[in-house]
Amino acid sequence: MSAQGRPRGRQGRLSALFPSGAGTAARTPFVLLVVVLLGSGLISLLLLNSALNQGSFELSKLEKKTDELTDEQQALQQEVDSYSAPGGLERRARELGMVPGGTPAFLNPDGTVRGKPSEATSGPAPMSFRVRPLLTGPAGLPGTAGAPGAGAALSPTTFGR
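About the cut-offs
- Residues numbered from 1 in each chain as written.
- Predicted model: local features only at pLDDT ≥ 70, side-chain atom pairs only at ≥ 80, totals over all residues.
- Heavy atoms only, no water.
- Salt bridge = Lys/Arg side-chain N within 4 Å of Asp/Glu carboxyl O.
- Helix = DSSP H or I, 4+ residues; strand = E, 2+ residues; numbered from the N terminus.
- Buried < 20%, exposed > 50% of the residue type's maximum accessible area, 1.4 Å probe, protein only.
- UniProt positions renumbered as here; feature names shortened; annotations may be inferred.

Novice: Break down the pattern of salt bridges for me, citing the residues and quoting the values.
Specialist: Applying the stated criterion across every chain, the model contains two salt bridges. Residue R94 is joined to E90 by a salt bridge in which the shortest nitrogen-to-oxygen separation is 3.3 Å. In this pair, R94 and E90 both sit in helix 3 (residues 86-95), four residues apart, roughly one turn of the helix. Between E95 and R91 there is a salt bridge, with its nearest N and O atoms 3.5 Å apart. Here R91 and E95 lie together in helix 3, a separation of four residues that amounts to about one turn. Note on E95: relative accessible area 58%, which makes it exposed.

Quick look at the structure:
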C-alpha cells in the first residue's frame, strides 16, 4: 500500500507541486524583489517615454520657429536686394539731391592724367554703366605698364553734389 499520511490521487500530485512549510517562507522575499524590479522597470519606461514625447514636442516647436525665421530672412534679403538694385540706388540718390557725375579722369601708373574731367550736371541724365574691354599685355596679363590703355579702370557713372 502507500505511505500513510499522504493523500492519494489528484490531491497528492498537487501537494507535491506546492510544498508547505519552511520553503514557502524563504521564497517570499525573492518574489517581492522580482515584483519590485518589474514595477520599477515599468515606471522607468513610462518616465523615459514621457521625456521622449516632451523632446519631440520641443523639436516640433523649434522646427516651426526655424521655418518662420527662414521666411523672415528671405523677405529681408529681398528687401536688401531691392535697395541695392541700380534703379533703386538712382532713385534714392535723386531723392537726396544727388546728380550723375561728369566725365571722370584717370591717373596712369606713370602719373599722367588720362581724360578730361567735367563738372556734374543737374539735368536728369539717365544712369548708365560703361564697361571697357580689358586689354592684355605681352604676357597675357591685363593692363601691363607698356600696353596701350594701361591704368584704365572700369568706372560706373558716379554721383556728385
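Novice: An account of the UniProt feature "transmembrane region" (unreviewed entry) in the protein is needed here, citing residue identities and associated values.
Specialist: The residues that UniProt annotates with the feature "transmembrane region" (unreviewed entry) are residues 30-52. This span, residues 30-52, is 100% helix and 0% strand, and a straight line between its end C-alpha atoms measures 33 Å.

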